[in-house]
Amino acid sequence: MANRAERILDKIISADSVPLVGHQLDKHSIRHCLELIAQLNGNILNFQVLARAMGISGPTVLRYIRFLEASFIIRLLPALPGESKKRLAKAPKIYIRDAGILHHLLGIQSLRALSKSTWQTSSWEGYVIEEIAKVLPEKFQMYYYRTQHAAEIQLVITKNEKLSAGNEKPTIAILIQTGSIPMINRALRNCLSDLPSRKNYIVQANYQAEPGKEPANVSADSLPANCYYISLANLLQKLSHLR
């Protein structure tokens, strides 16, 4: 796995691929940028923080980000647009799209090591988002929703109804979690109530039960309205048939 990831990285930052973005980018800096992004995986992107860490300007960092996004090595997940009485995050979240490359950059070499690391949650979150992106019909878009108090819906799916920008209507909200005990606190309930989504799902790592069947340590009454536990496999099947 490590050799595969390294070959992919070498190909991406090769001398032939770098000039494709219209700027001559330094290959070593590209690698450094990726290593820093791996540390930020699943977090809101702050260009200035990344620029200071690399010792370069904000506009230069932007060129590196654009190159990596065009190379399909990273994903920028935008914040859900629209008006709200609450103060919401507006900058995109950033992810390494390939879980194997992410783990390689973080020095994680086994599932056991991943399960004991602080990167487990962001790794699972990014993996779920990429799997959903593969099956989601083109007319649907993906966003995240996060309040100033850090209450967050990791993925909000909207349908393109030819509305003006900023008026996207949430169709499905997805909570992506790890751990054996689900987290459905008041802040998350408030987030779900903010969104007029028709269905809300909770996708937990290692959850394999049938749709609608809650884990043994969670009662149906404890879940918000229109919120269901579901395995990733069953969720992908549902999303692939969205119309």
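Here the structure is shown first, and the text comes after it.
Now for a look at the structure at hand. (Residues numbered from 1 in each chain as written. Predicted model: local features only at pLDDT ≥ 70, side-chain atom pairs only at ≥ 80, totals over all residues. Heavy atoms only, no water.)

**Here we look at the overall build of the protein chain**
Here is step 1: Tallying secondary structure elements over the protein chain gives nine helices and eight strands in all.
Here is step 2: When the 243 residues of the protein chain are sorted by exposure, 45% land in the buried category.
Here is step 3: Partitioning the intrachain contacts of the protein chain with sequence separation of at least 6 by distance along the chain shows that 62% fall at a separation of at least 24.
Here is step 4: Accessible surface for the protein chain amounts to roughly 13300 Å². Of this, 50% is attributable to carbon and sulfur atoms. (Helix = DSSP H or I, 4+ residues; strand = E, 2+ residues; numbered from the N terminus. Buried < 20%, exposed > 50% of the residue type's maximum accessible area, 1.4 Å probe, protein only. Contact = heavy atoms within 4.5 Å. Areas by Shrake-Rupley, 256 points an atom, 1.4 Å probe, with all protein chains shown as cover.)

**Description of the layout of surface pockets**
Here is step 1: Each pocket or cavity is described by its volume, and for the second largest pocket that value is around 500 Å³.
Here is step 2: Along its surface, the second largest pocket is lined by 21 residues, and T121, E125, E152, Q154 and I176 are the ones closest to its centre.
Here is step 3: For the lining of the second largest pocket, the secondary-structure elements that each account for two or more residues are strand 1 (43-44), helix 7 (120-135), strand 5 (152-159), strand 6 (169-177) and helix 8 (186-194).
Here is step 4: Considered class by class, the residues forming the lining of the second largest pocket number eight nonpolar, nine polar and four charged. (1 Å grid on protein atoms, 1.4 Å probe; cavity = no way out; pocket = protein on both sides within 12 Å on 5 of 7 lines; lining within 4 Å. Points joined across faces, edges and corners; volume = space filled by probe spheres on them. Nonpolar A, V, L, I, M, F, W, Y, C, P; charged D, E, K, R; others polar.)

**Some words on helix 2 (residues 27-40)**
Here is step 1: In this model helix 2 runs 20 Å from its N-terminal to its C-terminal C-alpha over 14 residues, within 8% of the 20 Å that 1.5 Å per residue would give.
Here is step 2: Of the positions making up helix 2, those classed as buried are I30, C33, L34, I37 and A38. An end-on view of helix 2 places all buried positions within 140° of arc, on one side of the element.
Here is step 3: Where helix 2 ends, the next residue or the one after it, G42, has phi of about 85°, a positive value. (Expected span 1.5 Å × (residues − 1). Arc of directions from axis to C-beta.)

**Quick look at helix 9 (residues 232-240)**
Here is step 1: Every buried residue of helix 9 is listed here: L232, N234, L235, L236 and L239.
Here is step 2: Among the structural elements, helix 7, strand 5, strand 6 and strand 7 (199-204) are those in contact with the buried residues of helix 9.

**Points about the nonpolar core**
Grouped burial of nonpolar side chains is what soluble globular proteins tend to show.
Here is step 1: One finds I37, L68, I74 and I96 to be the most contacted residues of the largest nonpolar core, which totals 29 residues.
Here is step 2: Secondary structure elements with two or more residues in this core: helix 1 (2-12), helix 2, helix 3 (47-54), helix 4 (58-70), strand 3 (93-96) and helix 5 (99-106). (Core = buried A, V, L, I, M, F, W, Y, C linked by side-chain atoms within 4.5 Å.)

**Examining the sheet that holds strand 1**
Here is step 1: The three strands lie next to each other as 1-3-2, forming an open sheet whose pairing is antiparallel. Each end of this open sheet is capped by a strand with a single partner; those strands are strand 1 and strand 2 (74-77).
Here is step 2: Across the face of the sheet, helix 2 comes into contact with strand 1, strand 2 and strand 3 while running at roughly 115° to strand 3.
Here is step 3: Lying on the sheet, helix 4 is in contact with strand 2 and strand 3; it crosses strand 2 at an angle near 105°. (Pairing = 2+ DSSP bridges. Axes fitted to C-alpha atoms, helices over the stretch in contact; angles between N-to-C directions.)

**Examining the pattern of salt bridges**
Between side chains of opposite charge, pairing is possible as soon as their charged atoms come close.
Here is step 1: With the rule as written, the count across this model stands at eight salt bridges.
Here is step 2: Taking the shortest distance from any N to any O, the salt bridge between E35 and R31 comes out at 3.3 Å. Of the two residues, E35 and R31 both sit in helix 2, four residues apart, roughly one turn of that helix.
Here is step 3: The exposure class of E35 is partly exposed, given its relative accessible area of 32%.
Here is step 4: Note that E152 and R146 form a salt bridge whose closest N and O atoms lie 2.6 Å from each other.
Here is step 5: Using a relative accessible area of 8% as the deciding quantity, one classes E152 as buried.
Here is step 6: Of the residues examined, R146 reaches a relative accessible area of 26% and is grouped as partly exposed. (Salt bridge = Lys/Arg side-chain N within 4 Å of Asp/Glu carboxyl O.)

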